[in-house]
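Residues per chain, in single letters:
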Amino acid sequence: MFRIAPSILSANFAKLGEEITNVLDSGADIIHFDVMDNHYVPNLTIGPLVCEAIRPLTKAMIDVHLMVEPVDRIVPDFAKAGANIISFHPEASNHIDRTIGLIKEQGCKAGLVFNPATPLSYLDHILDKLDLILIMSVNPGFGGQKFIPEALNKLRAVRQRIEASGKKDILLEIDGGVKVDNIAEIARAGADTFVAGSAIYGAGKDSDPHRYDTVLAAMRSELAKVK
Ligand code: DX5
Ligand code: ZN
């Protein structure tokens, strides 16, 4: 089963509620929520107040991607704000196992995020505690960047580790440069959850509430070709 997770980073923030409702009505599964702090990454976005504001709009999972350092202090705030999944970068936490535990204690699913140059050895002793593994196919900080093909090898390697662990319900998510024309190849490499910002929110005319139907249907039809 494949899940599409539009990144609201590329949405029109002047009407964020509508942007979320429209993309879900067009068939998106999960809302990907990028949190940047101008410290861990060179950009600044949205925090728990915005998460809390959008929570009543949907029962769909809110997938909070923390690009912040430190991590732990902000975790309970996002849990209270209604996040379902909280993911963080291992380089941003001094105690990765503790941060995973904290996220779960707060009632959320825990994810670990791998930058293009972050080694998969971070998975060695904690894989079975994770609910989600997120492979970055761009360097974090901005939407609209080009997909880095090495991410496909990384996905294959993580998929093998998940299979070997027997914990097959771990989600394997890809983030960065995902488009209609590469989503099938990414799925074949092992991803089951696809973040896409500019490819979805860049589609169509702003005035059309159904402008995301076409791009989401095109992504689904590409995914349907993958066994
Ligand atoms: C980048 C963010 C992504 C971003 C993806 O740091 O984590 O979620 O929004 O945007 P696109 O799909 O445009 O590459
Ligand atoms: Zn993201």
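Anything mentioned here points back to the structure above.
Q: When you look at the site of ligand 1 in this model, what are you seeing that I'm missing?
A: Neighbouring ligand 1 are 20 residues, the closest being Asp 34, Gly 144, Asp 175, Gly 197 and Ser 198. Within the side chain of Asp 34, an N or O atom sits 2.8 Å from an oxygen atom of ligand 1. A distance of 3.2 Å is found between an oxygen atom of ligand 1 and a side-chain nitrogen or oxygen belonging to His 65. Considering ligand 1 on its own, with 380 Å² of exposed area, one finds that the protein chains cover 100% of that surface. For the shell around ligand 1, the secondary-structure elements that each account for two or more residues are β2 (30-36), β3 (61-67) and β8 (193-196). No other element matches the 3 residues that β2 contributes to the shell around ligand 1.

Q: Where do I start with the packing of aromatic side chains in this structure?
A: Taken as a whole and judged by the stated rule, the model has 3 aromatic pairs. The interplanar angle of 65° and the centroid separation of 5.7 Å between the aromatic rings of Phe 2 and Phe 194 together place this pair among those described as edge-to-face. One end of the pair, Phe 2, is in the segment before β1 (3-6); the other, Phe 194, is in strand β8, with 192 residues separating them in the sequence. Looking at Phe 194, the relative accessible area reads 0%, which means it is buried. Aromatic pair Phe 33 and Phe 78: ring centres 6.0 Å apart, planes at 75°, arrangement edge-to-face. In this pair, Phe 33 is assigned in strand β2 and Phe 78 in helix α3 (residues 75-80), connecting sequence segments 45 residues apart. The same class applies to Phe 33 and to Phe 78, which are both buried.

Q: Before we go on, may I ask you to explain the sheet that holds β3 in this structure?
A: In a beta sheet, neighbouring strands are held together by backbone hydrogen bonds and run either parallel or antiparallel to one another. The 8 strands lie next to each other as β1-β8-β7-β6-β5-β4-β3-β2, forming an open sheet whose pairing is parallel. Each of the sheet's edge strands pairs with one partner strand only, and the pair in question is β1 and β2. Along the sheet, successive strands turn relative to each other by an average axial angle of 25°, direction set aside. Note that strand β6 (residues 132-136) and strand β7 (residues 171-175) share 5 bridges and pair parallel. Bridged to Met 136 within β7 is Asp 175.

Q: It is not clear to me how the pairing of β2 should be interpreted in this structure. Could you clarify?
A: For a regular strand, the rule is simple: side chains alternate between the two faces of the sheet. Most of β2 sits out of view: 7 of its 7 residues are buried. Along β2, one buried face is formed by Ile 30, His 32, Asp 34 and Met 36 and the opposite face, lined by Ile 31, Phe 33 and Val 35, is buried too. Relative to β3, β2 runs parallel, the two sharing 7 bridges. Across the sheet, residue Val 35 finds its bridge partner in β3, namely Leu 66. Read as a crossover between parallel neighbours, the route from β2 over helix α2 (residues 48-54) to β3 is right-handed.

Q: Mind showing me how you'd approach the pattern of salt bridges here?
A: In a structure, side chains of opposite charge can pair up when their charged atoms sit close to one another. Applying the stated criterion across every chain, the model contains 11 salt bridges. Two residues, Asp 97 and Lys 129, come together in a salt bridge whose shortest N-O distance is 2.5 Å. Here the residue Asp 97 occupies a position in helix α4 (residues 96-105), and Lys 129 occupies one in the loop between β5 (109-114) and β6, the gap between them amounting to 32 residues. Taking relative accessible area as the criterion, Asp 97 reaches 37% and is therefore assigned partly exposed. In this structure, the salt-bridge partner of Asp 192 is Arg 159, at a minimum N-O distance of 3.1 Å. Of this pair, Asp 192 sits in the loop between α6 (183-188) and β8 while Arg 159 sits in helix α5 (residues 150-165); the two residues are 33 residues apart in sequence, bridging distant segments of the chain. You can call Asp 192 buried: its relative accessible area is 12%.

What counts as what
- Residues numbered from 1 in each chain as written.
- Chains lettered and ligands numbered in written order.
- Predicted model: local features only at pLDDT ≥ 70, side-chain atom pairs only at ≥ 80, totals over all residues.
- Heavy atoms only, no water.
- Near = heavy atom within 4 Å.
- Polar contact = N/O pair within 3.5 Å; in protein donor to acceptor, adjacent residues only side chain to side chain.
- Areas by Shrake-Rupley, 256 points an atom, 1.4 Å probe, with all protein chains shown as cover.
- Helix = DSSP H or I, 4+ residues; strand = E, 2+ residues; numbered from the N terminus.
- Phe/Tyr/Trp six-rings, centres within 6.5 Å; stacked < 30°, edge-to-face > 60°.
- Buried < 20%, exposed > 50% of the residue type's maximum accessible area, 1.4 Å probe, protein only.
- Pairing = 2+ DSSP bridges.
- Axes fitted to C-alpha atoms, helices over the stretch in contact; angles between N-to-C directions.
- Right-handed = clockwise from strand over helix to strand, strands pointing away.
- Salt bridge = Lys/Arg side-chain N within 4 Å of Asp/Glu carboxyl O.

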